Every structure is written in C-alpha cells, then in structure tokens.
Amino acid sequence: GISMGHNGTAAFGLTIHGHDQEDLYVYETHPDDPDLYRYGDGWARLTTLTEAVPVKGHPDQPVTLQFTRHGPLLHRVPGRAFALRTVWTGPGTAPYMASLSVMRATTPPDYLAALRGWGCPSVNHIYGDTAGHILWKPSGAAPIRKGWQGLLPVPGDGRFEWQGLHDPDHAPVEANPPRGYIATANAINLPPSWEGPIPGHEWLDSSRHDFLNAALAGNDRVTLKDCAAMQTSLHSGIALGLAGRLQGAGVPAPVRALLEGFDGRLSADSAAAAFLEIWLTRHLGPAIARHLGATEAVLPLLQPCDPASVLNWMQAQAELPPDILASLDAAWADCTALMGADPQGWAWGDIHRLTLRHPLHRLAPADWSLPPVPRGGSSASPNYAGYDPASLDVLMGPSVRMLIDIGGWDNSLFVNTPGQSGLPRDPHYDDLQPLWTAGDYAPLLYSDARVESVTTRRIVLAGAGHYDVGALEQQTH
C-alpha cells in the first residue's frame, strides 16, 4: 500500500515510533546434541530447513536455516544458542501491509479503524482531511510482557513468553487539538496524562521534536514554504547548547573565537559545526564517561553516547573539570588532522558526507554508485543526518521529503534521492539528488490535467493471453 501521501480527500504520513517489538532469547543447548535446547522441564529440537539458492553460472548453493519456537537462530557458542522473536514475522504483520486499508480512509473514524490492523513498523500516524480534521495516533503491534521489560536478552526456556499483544485501541490518540497542529520526530511523545505502558526503551532525543513544535507554535499561518524550511532546517539545539556552555572561563581562546556568533545551524560550510560535532561524538562523551569512572573496557559499550544526556550533564556543571576541558584540545587536534591547521578552512561538509553506493557496487560499474555529497546537520537537526562517529560518513537521513497541500493537491511538493528510476544510466536515476541536496523540491501533481500538461513519456504495460507474455510500449510526447 501507499504509506505516505493522499487520496484526494485525506492526507497521511508517518514517522517511526519506539515500540519494542522484538526480544533476543538465549538457550542452553544439550552437551551431547547442540540441536537440542532446554525448554520447560525437557529439551526441544531446533527446526532445520535447507534452502537452495540459485547462483547464475554456478550450482545452486545450499543454505541451512535453523529456528527455535521463538524464531530464527542468529548465533551459537558452545553450550548456548541465540534466537530472535519479533512481531515482524507474525502472521498478518508484513511491514506496511495495513497501508492497503489506511490509504483508503477519508474520515477520522475510518482511519482509526484501519490502524487497528497496523502491525509493523511501529509509527506515529498523522492524518489531515479536507473537512479540517487532523489526527495523531501511534500504532504497531506491542508484545505483552508480564514481569519483565524486554530491554535485555532473556532465557528461552519458557519463563519469558509473550502474553499476546496489547489491544491496538489501548494507545493514545489526539484529534483536532486546540493548539491547531501536530508534529512528530521520533522522540518519545506520549502525552503527560498517559497512564498506560511505555511501549519501548530507545528513542531519539527530543531536539527535532521540540524544534518543530516551537516553530509551529509561533506561526498561525503556516505555508508550504514554512514547512519546507522546517523539513530542511540544520538547526541543532544540542550543538547550540554546547556552544553556549563553552563561553566560560578555562575554555581555550581559539575555541571561543571559533564559536563566536554560532547560531546552532550545522551548515555544510561551517567550521564551528565541524568542531562541535567532532568534540561531541568523538571526545566529549568518552571524557565524561571516564570522569564518572568508566574503564576503557566499558567505554565501547557506551558508544555512541546520548547527545541530550551529554548536554544535560555539561549544563549541570558549575565549572568544567580539567579532564573535560582537555577534551577540547583533543578535538582541536582531531580537526587539525582532518582539515588542516587553519580553522578558517574547516567545513563540516568536507568530512561529513553521504555516499550512495549501489548494493552491487563491488561488482557493478563505478557509475552505478554516486559521488560523495557534503552534508550539514546531524541526528539532532530536523534535516536528519546521522553519522558514524568513526568515519563521519552519513548513515541515515530523509530519503524522501513530502509537503502536501490538503485540498490544493496540485500545490504539493516532494523530493527523493537520488531519482525516480532504479535503472543506472537512466536520465532519472540520479536527477533529483541536486534538488534534495540543496533542500529544494519538485512538483507532486495530482489532477489529470496538470499531470498531462507535463508528461514527457508514457509507459504502457500490456498483458496478453493469461498474462504469461508481457509487452512494454513507450510513447514519447
């Protein structure tokens, strides 16, 4: 189904919500037969399947798959086996399958009814229609765990079984709030009055969520241009807070000079952004952990440190300890090694880049992958650009952006990266990446007349007989 878009009456979209939908089970295996695992008062046998994977030009390759009663076996060590249970493999929970019903809803009651069948992934659903209704409801199959939380691996011997799934109606919902807007961005956003279970343990920090809500609260006439500015904002409340904390005594003068006038924007050409992000993700978090007593053996388990927690700790200190101030020197040296001795030449986008590689890039022609793109932002900016602290390569971000004008459908905008075609060397394979990188958009037209007015090529799929023969006809207009 279509999970984000509109049907001519209602528009709908989503962001990930943090349900904990899986558990890692640990099993004791039999000393004489590793395919037996302890369950209850006895032993259960792993289910073993052998699949044949066809490989062009070679014999089929056999693959052995093993399963416990909870799910697929992931790993073995002597005396132990590990398997995953997840709602994703449950019947009727194919990802986004409920969109087949959700995309047809044209009223809030119809929409909520369709969401009862939403299994995974767990998401914040948002809805708006031409009658003026707006709605928010997080949905997703949530296991019932009695007496345990699901945060850590548990024995798979029967003591930690799910007791079914929570009733999908037993979840918060908000319709037509008096404030006049709804904004979500992957943060924990349960209302203060919520008394039900907390559905998960891992959420992104509230920086983007707070920014969007503040921007909407201060604007009672929101336009598409305003929405585009919010989607593409490089503002980081985390970086701004850290920069403010570094204006005190003891901070090296070059650092204070570099951060003077920093407004929180992690733009690709910003030297301050480069320094702050290097310091935050490579040096400050570990320095705080060591200061609080973490050993070198423990440090890798704490990475990546939570940016919001790091900022909160920094702001709680009346004076910055010497070892924390020393981390500034380490970050400065790191930036010098990466970008040169002159901070005027530093730029966040020079070291923080997105490289889209074709899945077959090791075998395919080089032009199937795309050159690196300088990126601003971070995991704390609405224009999300999460990255690997070691390489600084961008790993996550908004592959598609969409702005829907409810009722004025032909005014809607979108962009995705790199293009609309999955065929390398097709003109539309990477033609949208420049727009996406610059924060621009393309028209998302809807009416027949507007679509026809800009059509350049029509592709017709025609079936013959019992659809065992396909013909592809292209007409150029």
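Residues numbered from 1 in each chain as written. Predicted model: local features only at pLDDT ≥ 70, side-chain atom pairs only at ≥ 80, totals over all residues. Heavy atoms only, no water.

**Describing the pairing of strand S5 (residues 42-45)**
Heads up, the condition is: When DSSP finds at least two bridges between two strands, those strands are taken to pair. Segments assigned H or I by DSSP are reported as helices when at least four residues long, segments assigned E as strands when at least two residues long, and all are numbered from the N terminus.
Note: strand S4 (residues 36-39) against S5, four bridges, orientation antiparallel. Following the sheet pairing, Leu 36 is matched in S5 by Arg 45. What sits between the antiparallel neighbours S4 and S5 is a turn of two residues, in which Gly 40 has the positive phi angle 65°.

**Comments concerning the packing of helix H5 (residues 237-245) against helix H9 (residues 307-315)**
In plain terms, the rule: Interaxial angles span 0 to 180 degrees and are taken between N-to-C directions of axes, which are lines fitted to C-alpha atoms, for helices over the stretch in contact. Angles are sorted into four bins: roughly parallel if under 35 degrees, roughly antiparallel if over 145, roughly perpendicular if 65 to 115, and oblique for all others. Each crossing is labelled by how the near helix is turned from the far one, with a counterclockwise turn of less than a right angle marking it left-handed and a clockwise turn marking it right-handed. Contacts between residues were defined by any pair of non-hydrogen atoms, one from each residue, lying within 4.5 Å. For this classification, the nonpolar set comprises Ala, Val, Leu, Ile, Met, Phe, Trp, Tyr, Cys and Pro, the charged set comprises Asp, Glu, Lys and Arg, and every other residue, Gly included, is treated as polar.
Packing of H5 against H9 brings their axes to within 10 Å, and their N-to-C directions diverge by 25°. Regarding the angle of H5 to H9, the classification is roughly parallel. Crossing geometry of H5 relative to H9 is assigned as left-handed. Contact residues: H5 offers Gly 237, Ile 238, Gly 241, Leu 242 and Arg 245, while H9 offers Pro 307, Ala 308, Leu 311, Met 314 and Gln 315. Counted by class, the contact of H5 with H9 contains six nonpolar, three polar and one charged residues.

**Quick word on the packing of helix H7 (residues 271-291) against H9**
Following both chains from N to C, one finds H7 and H9 inclined at 60°, their axes separated by 11 Å at the closest point. Here H7 lies oblique to H9, going by the angle between them. The hand of the H7/H9 crossing is left-handed. Of the residues in H9, those in contact with Trp 279, Leu 280, Leu 284, Gly 285, Ile 288 and His 291 of H7 are Pro 307, Val 310, Trp 313 and Met 314. Of the residues in the contact of H7 with H9, the class split is eight nonpolar, two polar and no charged.

**Some words on the packing of aromatic side chains**
So the rule is basically this: Aromatic rings from Phe, Tyr and Trp, with only the six-membered ring used for Trp, were paired whenever their centres fell within 6.5 Å, and each pair was classed as stacked if the ring planes differed by under 30 degrees, edge-to-face if by over 60, and tilted otherwise. Partly exposed describes any residue whose relative accessible area lies between the buried limit of under 20% and the exposed limit of over 50%, with all areas from a 1.4 Å probe on protein chains only and scaled to the type maximum.
As enumerated under the stated definition, the model contains eight aromatic pairs in all. Ring plane angle 85° and centroid distance 5.9 Å describe the contact between Tyr 96 and Trp 118, whose orientation is recorded as edge-to-face. Note that Tyr 96 is positioned in the loop between strand S9 (80-86) and helix H1 (99-102) and Trp 118 in the loop between helix H2 (108-115) and strand S10 (123-129), a separation of 22 residues in sequence. Judged by its relative accessible area of 31%, Tyr 96 is partly exposed. Centre to centre, the rings of Trp 148 and Phe 160 are 5.5 Å apart; their planes meet at 85°, and the pair counts as edge-to-face. With Trp 148 in the loop between strand S11 (134-139) and strand S12 (154-155) and Phe 160 in the loop between S12 and strand S13 (174-175), the pair connects residues that are 12 residues apart, well separated along the chain.

**Examining the side chain of His 19**
One can find His 19 in the loop between strand S2 (10-16) and strand S3 (22-28). Residue His 19 is classed as buried on the basis of its relative accessible area, which comes to 17%. Every residue in contact with His 19, bar those within four places of it in the chain, is listed here: Ser 122, Ser 139, Gly 140, Ala 141, Ala 142, Pro 199 and Gly 200.

**Some words on the sheet that holds strand S1 (residues 5-6)**
Strand order across the open sheet formed by five strands is S1-S2-S10-S11-S13, with antiparallel pairing between neighbours. Strands with a single pairing partner mark the edges of an open sheet, and in this sheet they are S1 and S13. Of the strand pairs in this sheet, S10 and S11 are connected by six bridges, and their pairing is antiparallel. By the bridge assignment for S11, Ile 126 is matched with Trp 136.

**Here's the deal with the confidence of the model for the protein chain**
Counted only if it meets this: Scored from 0 to 100, pLDDT reflects the predictor's confidence in each residue.
Counting all residues, the mean pLDDT for the protein chain is 94, and 97% of those residues have values of 70 or more. Note that residues 467-477 has pLDDT below 50 and, in this model, 23 contacts with residues that lie over four places away or in other chains.

**Digging into the nonpolar core**
One recurring pattern in soluble globular proteins: nonpolar side chains tend to sit buried together. Heads up, the condition is: What is meant by a nonpolar core is a set of buried Ala, Val, Leu, Ile, Met, Phe, Trp, Tyr and Cys residues, joined one to another through side-chain atoms within 4.5 Å.
In terms of nonpolar packing, the biggest core is built from 41 residues, with Leu 242, Leu 246, Phe 275, Leu 276, Trp 279 and Met 314 touching the most fellow members. Listing elements by their share of this core, those giving two or more residues are H5, helix H6 (253-259), H7, H9, helix H10 (322-339) and helix H11 (348-351). Sorting elements by how many residues they give to this core places H7 first, with 12 residues. Membership of the second largest hydrophobic core comes to 15 residues, among which are Ala 44, Leu 46, Cys 120 and Trp 148.

**Side note on the sheet that holds S9**
Sheet strands associate in pairs through backbone hydrogen bonding, adopting either a parallel or an antiparallel arrangement. The mixed open sheet is built from four strands, whose spatial order is S8-S9-S3-S12. Each edge of the open sheet is held by one strand with a lone partner, namely strand S8 (73-77) and S12. Pairing of S8 with S9 involves four bridges; the strand directions are antiparallel. The residue bridging Leu 73 from the neighbouring strand is Ala 83, located in S9.

**Things to note about the state of the cysteines**
Our working rule: In this description, the term disulfide denotes a pair of cysteine sulfurs within 2.5 Å.
Summed over the entire model, instances satisfying the criterion amount to zero disulfides. Among the cysteines around Cys 335, which has no disulfide bond, Cys 305 carries the closest sulfur, lying 18 Å off.

**Some words on the environment of Gly 18**
Inspection of the secondary structure assignment puts Gly 18 in the loop between S2 and S3. Considered as a pair, Gly 18 and Glu 202 are 184 residues apart in the sequence and their alpha carbons are 6.3 Å apart. Ignoring anything within four residues of it in the chain, the contact list for Gly 18 reads Ser 122, Pro 199, Gly 200, His 201, Glu 202 and Trp 203.

**Brief notes about H7**
Quick note on the threshold: Expected span, for any helix, means 1.5 Å times one less than how many residues it has. Throughout, bend refers to the angle between the axes fitted to the seven residues that end at a position and the seven residues that start at it. Identification of polar contacts relies on pairs of N or O atoms within 3.5 Å, with a donor-acceptor requirement for protein atoms, meaning one able to donate a hydrogen and the other able to accept it, and with residues adjacent in sequence counted only if both atoms are side-chain atoms.
With 21 residues, H7 extends 28 Å from end C-alpha to end C-alpha; this agrees with the ideal 30 Å at 1.5 Å per step. In the structure, H7 departs most strongly from a straight axis at Leu 280, where the bend amounts to approximately 45°. Counted residue by residue, H7 has 18 buried out of 21 residues, so it is predominantly covered. Residue Ser 270 occupies the N-cap position of H7, its side-chain oxygen lying 3.3 Å from the main-chain nitrogen of Ala 272. Positive phi appears at Gly 293, one or two residues downstream of H7, with a value of about 105°.

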